[in-house]
Amino acid sequence: MVVDKGQPAEAAHQPALDDAFRFIQAMRHGIVAQDPDDAAYQYYSTAGAARYARGQIEQWVKGGWTPTGKDQYYDTGTSSVGDGKGVLVTFCRDQSQTFSKSLESGEVHRTEKSPKSFQKYSVLMREKQGESGVWQAGQIEVQGEAKECSR
């Protein structure tokens, strides 16, 4: 994973931005570990985001695949939401150099760069109850073929 998260306009959003990417890394950890019950993503997510992460991990496990290659994240943004206690973190993903590798055969399934390679993420972060300074993803939306993320 290559992450270019930059600095948020509001310094108070930095912990939410950092933990949004820890959530993405934790989800990837679960995929590589082939463990839908992996504790890492559960620590950094709750509700819909936790269900999303589990579903993603289960798909990779069911397919017998693991990720390989370069997975790029960039163009981050943050904004306060609701009661001001939530932070919406947005970012782009370029997965044109990320491929699936069969765990059984070792074969790498390569794809060509296309509009499907680019995604836009929106992750709603809130401070974790009982753990000051730790933020959890509560909701996640992933827009495929995101033109604004094309490079």
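Residues numbered from 1 in each chain as written. Predicted model: local features only at pLDDT ≥ 70, side-chain atom pairs only at ≥ 80, totals over all residues. Heavy atoms only, no water.

**With respect to the packing of helix H1 (residues 14-33) against helix H3 (residues 47-63)**
Right, on to step 1. In contact at an axis separation of 8 Å, H1 and H3 are set at 30° when each is read in the N-to-C sense. Taken together, the axis directions place H1 and H3 in an arrangement best described as roughly parallel. Crossing of H1 over H3 shows right-handed handedness. Residues Phe 23, Met 27, Gly 30 and Ile 31 of H1 lie in contact with H3, whose contacting residues are Ala 49, Tyr 52, Ala 53, Gln 56, Ile 57 and Trp 60.
Right, on to step 2. Grouping the constituent residues of the contact of H1 with H3 by class yields eight nonpolar, two polar and no charged. (Axes fitted to C-alpha atoms, helices over the stretch in contact; angles between N-to-C directions. Helix = DSSP H or I, 4+ residues; strand = E, 2+ residues; numbered from the N terminus. Parallel < 35°, antiparallel > 145°, perpendicular 65-115°, else oblique. Left-handed = near helix turned anticlockwise from the far one by under 90°. Contact = heavy atoms within 4.5 Å. Nonpolar A, V, L, I, M, F, W, Y, C, P; charged D, E, K, R; others polar.)

**Describing the layout of surface pockets**
Right, on to step 1. For the largest pocket, the calculated volume is near 590 Å³.
Right, on to step 2. Taken together, 26 residues make up the lining of the largest pocket; nearest its centre are Trp 60, Arg 93, Gln 95, Thr 98 and Ser 100.
Right, on to step 3. Contributions of two or more residues to the lining of the largest pocket are made by H1, H3, strand S2 (65-81), strand S3 (86-102) and strand S5 (118-127).
Right, on to step 4. It is S3 that provides the largest number of residues to the lining of the largest pocket, a total of six residues.
Right, on to step 5. Of the residues assigned to the lining of the largest pocket, the class counts are 11 nonpolar, 10 polar and five charged. (1 Å grid on protein atoms, 1.4 Å probe; cavity = no way out; pocket = protein on both sides within 12 Å on 5 of 7 lines; lining within 4 Å. Points joined across faces, edges and corners; volume = space filled by probe spheres on them.)

Shape descriptors only; they carry no functional weight alone.
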